[in-house]
Amino acid sequence: QVKLVESGGGSVQPGGSLRLSCAASGSIFSIRQMGWYRQAPGNERELVASITKSGNTVYADSVKGRFTISRDNAKNTVLLQMNSLKPEDTAVYYCNAADPMGRYWGQGTQVTVSS
């Protein structure tokens, strides 16, 4: 089992920045990939960015050039640096980890972008 705890959400004006952090604990050695998903009211949960253990990254087209995902394997942490935030980035952001046994989710953290 893997436990994920997110932090760093909050409210920011358009154009601002936030950094999300996700700390993994438990059976972390088998984690192959970690990532961030988001879900806005009335929408399905969507991938924002993901990173493999070797550092390969994938980004949603809507966040390319604005968001950066990184991973600190020594600290079992994945970060999402979000710059140039837009109102449409408003959502609950969830940390995700995948290992051969399945997928694990954090509790979610709210990000609100509004003037």
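This is a predicted model, so every value here is computed, not measured.

Enquirer: Tell me what's going on with the overall build of the protein, and back it up with residues and numbers.
Expert: Across its full length, the protein carries zero helices and 11 strands. Its helices and strands in sequence order give the protein the pattern β-β-β-β-β-β-β-β-β-β-β, from N to C terminus. Considered along the principal axes of its C-alpha atoms, the protein spans approximately 40 × 25 × 20 Å. The 115 residues of the protein split such that 42% are buried. Of the roughly 6100 Å² of accessible surface on the protein, a fraction of 48% belongs to carbon and sulfur atoms. Seen as two clouds, the 12 positive and the 8 negative side-chain charges of the protein have centres 7 Å apart.

Enquirer: Can you break down the side chain of Arg 38 residue by residue, with the values?
Expert: Take Arg 38: it is sitting in strand E4 (residues 33-39). One polar contact links Arg 38 to Glu 46, side chain to side chain, over a distance of 2.8 Å. A distance of 3.3 Å separates the side chain of Arg 38 from the side chain of Ser 62, its partner in a polar contact. Those residues within four positions of Arg 38 in sequence are excluded, and the remaining contacts are Glu 44, Arg 45, Glu 46, Val 48, Ser 62, Val 63, Phe 67, Glu 88, Asp 89, Ala 91, Val 92 and Tyr 93.

So, how was this worked out
- Residues numbered from 1 in each chain as written.
- Predicted model: local features only at pLDDT ≥ 70, side-chain atom pairs only at ≥ 80, totals over all residues.
- Heavy atoms only, no water.
- Helix = DSSP H or I, 4+ residues; strand = E, 2+ residues; numbered from the N terminus.
- Buried < 20%, exposed > 50% of the residue type's maximum accessible area, 1.4 Å probe, protein only.
- Areas by Shrake-Rupley, 256 points an atom, 1.4 Å probe, with all protein chains shown as cover.
- Lys, Arg positive; Asp, Glu negative; His and termini not counted.
- Charge placed at Lys NZ, Arg CZ, Asp CG, Glu CD.
- Polar contact = N/O pair within 3.5 Å; in protein donor to acceptor, adjacent residues only side chain to side chain.
- Contact = heavy atoms within 4.5 Å.

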